[in-house]
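In case you want the letters, here they are:
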Amino acid sequence: MRRFLTLPDVAEVLNISMDQARSLVRSGDLEAIQVGGRGQWRIEEAKLDEYIERQYEVQRQARRERGRTTHSSSQPSS
């Protein structure tokens, strides 16, 4: 297993465009380093895994919030 991925690798893993992968890196949502004279981005596999886990947590939180909103709005008011 490789330690570092390129932007095209990340785009393929996440099934997104290169522009979207670059945007994740530039915004800081996905940690990366620039290497070489041309400043090519490299993403450590562990950082990609952390990003994916954070996104799962965001979705879990959103589902919990939707559940609370749905339950509180369906209860009769006193």
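Before reading on, note that the structure itself is shown above.
Since the structure is predicted, the reported quantities are computational estimates derived from the model, not experimental observations. (Residues numbered from 1 in each chain as written. Predicted model: local features only at pLDDT ≥ 70, side-chain atom pairs only at ≥ 80, totals over all residues. Heavy atoms only, no water.)

Let's shift gears to the sheet that holds strand E2 (residues 33-35). Pairing is antiparallel in the open sheet, where three strands are placed in the order E1-E3-E2. Edge positions in the open sheet fall to strand E1 (4-5) and E2, since each of these has one partner strand only. Sheet analysis places E2 next to strand E3 (residues 40-44), joined by three bridges and oriented antiparallel. Bridging from a neighbouring strand, Ile 33 pairs with Arg 42 of E3. (Pairing = 2+ DSSP bridges. Helix = DSSP H or I, 4+ residues; strand = E, 2+ residues; numbered from the N terminus.)

Within the largest apolar cluster, 12 residues are counted, these being Leu 5, Leu 7, Val 10, Ala 11, Ala 21, Leu 24, Val 25, Leu 30, Trp 41, Ile 43, Leu 48 and Tyr 51. Breaking this core down by element, the ones donating at least two residues are helix H1 (7-14), helix H2 (18-27), E3 and helix H3 (45-74). The contact partners of Leu 30, leaving out residues within four places of it in the chain, are Val 10, Leu 24, Val 25, Ile 43, Lys 47, Leu 48 and Tyr 51. (Core = buried A, V, L, I, M, F, W, Y, C linked by side-chain atoms within 4.5 Å. Buried < 20%, exposed > 50% of the residue type's maximum accessible area, 1.4 Å probe, protein only. Contact = heavy atoms within 4.5 Å.)

Its location among the elements puts Glu 44 in strand E3. Setting aside anything within four residues of it in sequence, one finds Glu 44 in contact with Arg 3 and Phe 4. At 3.1 Å, the side chain of Glu 44 forms a polar contact with the side chain of Arg 3. (Polar contact = N/O pair within 3.5 Å; in protein donor to acceptor, adjacent residues only side chain to side chain.)

Let us now look at the pattern of salt bridges. Oppositely charged side chains can pair when the atoms bearing their charge come close. For the structure shown, the criterion picks out eight salt bridges. Residues Glu 53 and Arg 60 are paired through a salt bridge, measuring 2.7 Å at the closest nitrogen-oxygen approach. What makes Arg 60 partly exposed here is its relative accessible area of 28%. Within this structure, Glu 53, Glu 57, Arg 60 and Arg 64 form a network of salt bridges that share partners. (Salt bridge = Lys/Arg side-chain N within 4 Å of Asp/Glu carboxyl O.)

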